[in-house]
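# Remarks on the overall topology
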Amino acid sequence: MTLHKGAPAADRKHIRHPVNPFYGEADPVSGMETSPPRHTLPESPLAPHAAYQFVHDELMLDGNARLNLATFVTTWMEPQAGVLMAECRDKNMIDKDEYPRTAELERRCVAMLADLWHAPDAVGCSTTGSSEACMLAGMALKRRWMHRNADRYPASARPNLVMGANVQVCWEKFCNFWEVEARQVPMQGDRFHLDADSATALCDENTIGVVAILGSTFDGSYEPVADICAALDDLHEKKGWDIPVHVDGASGAMIAPFLDPELKWDFRLPRVASINTSGHKYGLVYPGVGWALWRDEEALPEELVFRVNYLGGDMPTFALNFSRPGAQVAAQYYTFLRLGRAGFRAVQQATRDVARSMAERIGSLGDFELLTRGDELPVFAFTTAAHVTAYDVFDVSRRLKERGWLIPAYTFPPDREDLSVLRVVCRNGFSQDLADLFLADLEQLLQELREQRGPLGRPENEATAFHH
Ligand SMILES: *Cc1c(COP(=O)(O)O)cnc(C)c1O
């Protein structure tokens, strides 16, 4: 999370919440606070309704989640899911022995994903999100590489992981935290993600794995997982390096099985060792739940799995956290049960239809050039056309915010830092109606932007920044 500093000394004592007398019981006898400090722990309690009102009022200034086209994360669930989550808010996921039914729902979710991704014998677990799932998958790759090479290489050999420069930041974190060299393939021309040739070119005997993304955070495109696997099969034959693939399916692993069933990207490819997804993205659950699955027990070294007996029982776990809320797992099971395959297909298709038609309409405005069309992930990126000199993508993002629309503008990674784009992430709950309203607002503000003398400059530290 954001690294925060304490409050400046001058603010600590003096900055206080002014209480509307209407909220509180300003009763000196009760000893209740009437004007609590903002940066230090208040000396005495506050009435619950006054405390509630404070926090509630402050949060009103957050953006409207439904108009947030920056995030991939679920912003709408049906009321029944909310009720279920509220019922489970006191359950700790780690207490498998105390909450055996929650543990059982987690197991069923893993079994359903294993079936969906074509590896009925897969082993897996829930996580707080894809980031944790990727850490776990990366650790398994690193440990397997160590086992493979225990007696072949000196201890000083440095493991590396091959990926595109378009990876989500969690892979850079993994490499930094676990001391693995991140070998990133830069973007080149119109190639905005990893492909087979560029991936294999960076592999060597110390490559612990290749990460293929379904689909790219930057533009929603699918990386060619099957081609990458085939090229690695060749490499295995020629050089003897048997390099596994991890598929980062944070978004796409819950899109492709329903909308692109013919596309082979999952455990149908023997080289795919593990897959992660974010239950809280197109798994359609409120944040934070993710999933990590390994093809079979061989793909997940035994010594990484922990068994603790001090909560009773000794269920094996693989996780970075210990305690974690159980509500999201119950909500994931609810969503699976509620929608089934046909329901997921319908929901994801509707979302992709909105993305495609929106991309097409934005493309036909004449001001923009589409990088992607919303036909893989329901996500598309676009930039200003070459002839547009009056304004840039940062201006568009800033002006849309005046209308409440959050759409990020950001620059691409190496070697296409010259390219700045806008990205729209369509999600369940972003309806065709809302898309129409968005288009109407965009068309209206373009009339003004076209009159500008030139781009107003990229806002520093502005909240238009890239959201993963
Ligand atoms: C969102 C995302 C992640 C990180 O997932 P969280 O669930 O937010 O931790 C990792 N990889 C890709 C491709 C993503 O889109």
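Up top is the structure these notes are about.
In this text, all values refer to a predicted model and were calculated from it rather than measured experimentally. (Residues numbered from 1 in each chain as written. Predicted model: local features only at pLDDT ≥ 70, side-chain atom pairs only at ≥ 80, totals over all residues. Heavy atoms only, no water.)

### Overview of the pairing of strand 2 (residues 160-164)
Two faces belong to every sheet, and in a regular strand the side chains alternate between them. Our working definition: A simple rule labels every residue: compare its accessible area, found with a 1.4 Å probe on the protein chains alone, to the largest value its type can have, and call it buried under 20%, exposed over 50%, or partly exposed in between. Helical segments are the DSSP runs of H or I of at least four residues, strand segments are the runs of E of at least two, and each set is numbered from the N terminus. Look down the strands so they point away from you; if the path from the first strand over the helix to the second goes clockwise, the crossover is right-handed. Each pair of strands is called paired provided DSSP finds at least two bridges between the two strands.
Within strand 2, five of the five residues are buried, which leaves the element mostly enclosed by the surrounding structure. Alternating positions in strand 2 separate into two faces, Asn-160, Val-162 and Gly-164 on one and Leu-161 and Met-163 on the other, with burial throughout. Handedness of the crossover joining strand 2 and strand 3 (residues 181-185) through helix 6 (residues 169-177): right-handed. The pairing of strand 2 with strand 4 (residues 207-213) spans three bridges and is parallel. Paired with Val-162 across the two strands is Val-210, which belongs to strand 4.

### Some words on the site of the ligand
Going by this rule: For this description, a residue counts as near a given molecule or strand if any of its non-hydrogen atoms is within 4 Å of it. Pairs of N or O atoms within 3.5 Å make up the polar contacts considered here, provided that, within protein, one atom can donate a hydrogen while the other can accept it, and that residues adjacent in sequence are counted only when both atoms are side-chain atoms. The Shrake-Rupley method, run with a 1.4 Å probe, gives the accessible areas here. Residue values count only the displayed protein chains as cover.
What surrounds the ligand is the set Gly-129, Ser-130, Ser-131, Gln-168, Cys-170, Ile-213, Thr-217, Asp-248, Ala-250, Ser-278, His-280 and Lys-281. A distance of 2.6 Å separates an oxygen atom of the ligand from a polar atom in the side chain of Ser-131. Take His-280: an N or O atom from its side chain is 2.7 Å from an oxygen atom of the ligand. Here the ligand has 380 Å² of accessible area as a free molecule, and 91% of this is covered by the chains.

### Observations regarding the sheet that holds strand 12 (residues 409-411)
Convention followed: Only the stretch in contact is used when a helix axis is fitted, and all axes are lines through C-alpha atoms; the angle between N-to-C directions ranges over 0 to 180 degrees. What makes two residues a contact is simply this: any of their non-hydrogen atoms within 4.5 Å.
A sheet is described by the order of its strands in space; here four strands give the open sequence 10-11-13-12, paired in antiparallel fashion. Of all the strands in the sheet, the pair left with one neighbour each is strand 10 (368-370) and strand 12. Between one strand axis and the next, the sheet turns through 40° on average, direction left out of account. Bridge count for strand 10 against strand 11 (residues 379-384) is three bridges, and the pairing is antiparallel. What sits directly across from Glu-369, in strand 11, is Thr-383. The sheet contacts of helix 11 (residues 393-402) involve strand 10, strand 11, strand 12 and strand 13 (420-425), and relative to strand 13 the element is tilted by about 40°.

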